[in-house]
Amino acid sequence: MTSRIIKIFATVVTVLTAILAPAGAVAQSDALFSQYWALPSYYNPAAAGNSDSIKITAGAKMQWVGIPNAPVTFTGLADSPFKVFGKRIGAGIAFSQESIGLFSTINIGAQLAYKMKLLGGMLSIGVQVGLANQTFHGTEVFIPEGNDYHNSDDEAIPTNDIAGMAFDMAAGVFYTHRWFWASISSTHLLQPTMTLKSENSQSSEGQYEFQMGRALYFMAGSNIPIKNTLFEIQPSMMLRTDFFSFTGDITARVRFKKFLSGGIGYRWNDAVSIMVGGEYKNFFLGYCYDYPVSAISKASSGSHEVFLQYNVKLNLQDKNKNKHKSIRIM
């Protein structure tokens, strides 16, 4: 049985990697959250239902504060485990909205993940299907007089608000163990192409195309209790590529008494991060500040990121398991 599961895992990873070959110039469409470890289902639908809780998460990132029209991202995630015919399943919903320049992108998807035990841990195979919507605010285009590169009559620049929608898909595998977790996934698998046009457009004139680029993610982390103390060390990492560029995050966090946490992170050639968090009952609040280490530091004071998570514990044990009659009433 174990060898069969390993073959399934290897096949899924092979197929997922094989279909991710580069296919022309496309646009990046996923936000890079420094607190990626708290938002795994944003990058991998297989993370849905990985805990024994209903999880509801809301997050926001304001990137490169000080630069006009810099990226601003909002995300909402909800997932829960449940059982079907004794098999564990995870289901979730993922929503994100990002504004950058005159572009605005909305993604919404439904997630489903199948769980199976493997080598003392839990392997999850997940898929997300949904819609992607792209809007370009052409009414806000401003071309100064005397511009040497464009003029106000340039047909390549929309002057009306245009929008388009397309089917979107993501998939991945996620493995959790007592000591560590690891994940590989891809977003925008089909590289959806949206035809952007105004609401009143009836012909192909005045139509534009926008293609969302697929990306491959690898994430991993661990939770290491420090013996005879109330501290835990939580290292993690994330690698991302769209096959044209590459970036990587490495993070080191410390958690105290399952109440307070803090740490630092580094994104390759981009930023140094400082993050803090607090837990109270079913809530977790996290904040992160990114200080740019690239040339963009001359124009920006940094990036801010915050998320709030609410957890409701579930009992997924079999109802009649270990049920006994009292000898007093037998």
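What counts, and at which threshold
- Residues numbered from 1 in each chain as written.
- Predicted model: local features only at pLDDT ≥ 70, side-chain atom pairs only at ≥ 80, totals over all residues.
- Heavy atoms only, no water.
- Helix = DSSP H or I, 4+ residues; strand = E, 2+ residues; numbered from the N terminus.
- Buried < 20%, exposed > 50% of the residue type's maximum accessible area, 1.4 Å probe, protein only.
- Areas by Shrake-Rupley, 256 points an atom, 1.4 Å probe, with all protein chains shown as cover.
- Core = buried A, V, L, I, M, F, W, Y, C linked by side-chain atoms within 4.5 Å.
- Contact = heavy atoms within 4.5 Å.
- Salt bridge = Lys/Arg side-chain N within 4 Å of Asp/Glu carboxyl O.
- Pairing = 2+ DSSP bridges.

Trainee: Account for the overall build of the chain, with residues named and values stated.
Mentor: Check the secondary structure of the chain and you find two helices and 17 strands. Going through the 330 residues of the chain one by one, you find that 43% of them count as buried. Of the accessible surface of the chain, which amounts to about 18,700 Å², a share of 62% is contributed by carbon and sulfur atoms.

Trainee: So, unusual backbone geometry: which residues are in play, and what are the values?
Mentor: A positive phi angle is found at N69, which is not glycine, with a value near 60°. Here K281, not a glycine, exhibits a phi torsion of approximately 55°, which is positive. Note on placement: K281 falls in the loop between β15 (271–280) and β16 (283–292).

Trainee: I'd like a rundown of the nonpolar core, residues and numbers included.
Mentor: Formed by 23 residues in total, the largest nonpolar core has its most connected members in F33, Y36, W37, Y42, Y43, M219 and M238. Those elements that place two or more of their residues in this core are α2 (40–43), β10 (215–222) and β16. Top contributing element to this core by residue count: β10, with three residues. Counting residues in hydrophobic clusters, the runner-up holds nine residues, among them L102, A132, L196 and F210.

Trainee: Outline the side chain of T251, listing residues and values.
Mentor: Within the secondary structure, T251 is located in strand β13 (residues 246–256). What makes T251 buried here is its relative accessible area of 4%. In contact with T251, not counting residues within four places along its chain, are Y36, W37, Q234, P235, S236, I264, G265 and M275.

Trainee: Outline the pattern of salt bridges, supporting the account with residue identities and numerical values.
Mentor: Any two side chains of opposite charge can pair, so long as their charged atoms come close to each other. Applying the stated criterion to the full structure yields nine salt bridges. A salt bridge links E232 to K258; its shortest N-O distance comes to 3.7 Å. Here K258 lies in the loop between β13 and β14 (260–267) and E232 lies in strand β12 (residues 231–241), a separation of 26 residues in the sequence. What makes E232 buried here is its relative accessible area of 8%.

Trainee: Lay out the environment of M62 in plain terms, naming residues and giving numbers.
Mentor: You can see M62 is positioned in strand β1 (residues 53–65). Residue classification places M62 among the partly exposed residues on the basis of a relative accessible area of 44%. Between the C-alpha atoms of M62 and V72, which are ten residues apart in sequence, the distance is 4.7 Å. Other than its neighbours up to four places away in sequence, M62 contacts P71, V72, G302, S303 and H304.

Trainee: I'd like to hear about the environment of S80, residue by residue, with values.
Mentor: Mapped onto the secondary structure, S80 falls in strand β2 (residues 72–84). With 29 residues separating them in the primary sequence, S80 and S51 have C-alpha atoms 7.8 Å apart. Dropping the residues within four chain positions of it, S80 is found in contact with G49, S53, I54, I89, G90, A91 and L314.

Trainee: Quick rundown of the pairing of strand β6 (residues 161–176)? Include the residues and the values.
Mentor: Sheet topology note: the strand β5 (residues 121–137)/β6 ladder contains 16 bridges and is antiparallel. For H137, the partnering residue across the bridge sits in β6 and is D161. Bridge count for β6 against strand β7 (residues 180–187) is six bridges, and the pairing is antiparallel. Paired with V173 across the two strands is I184, which belongs to β7. Linking β6 to β7, which pair antiparallel, is a turn of three residues.

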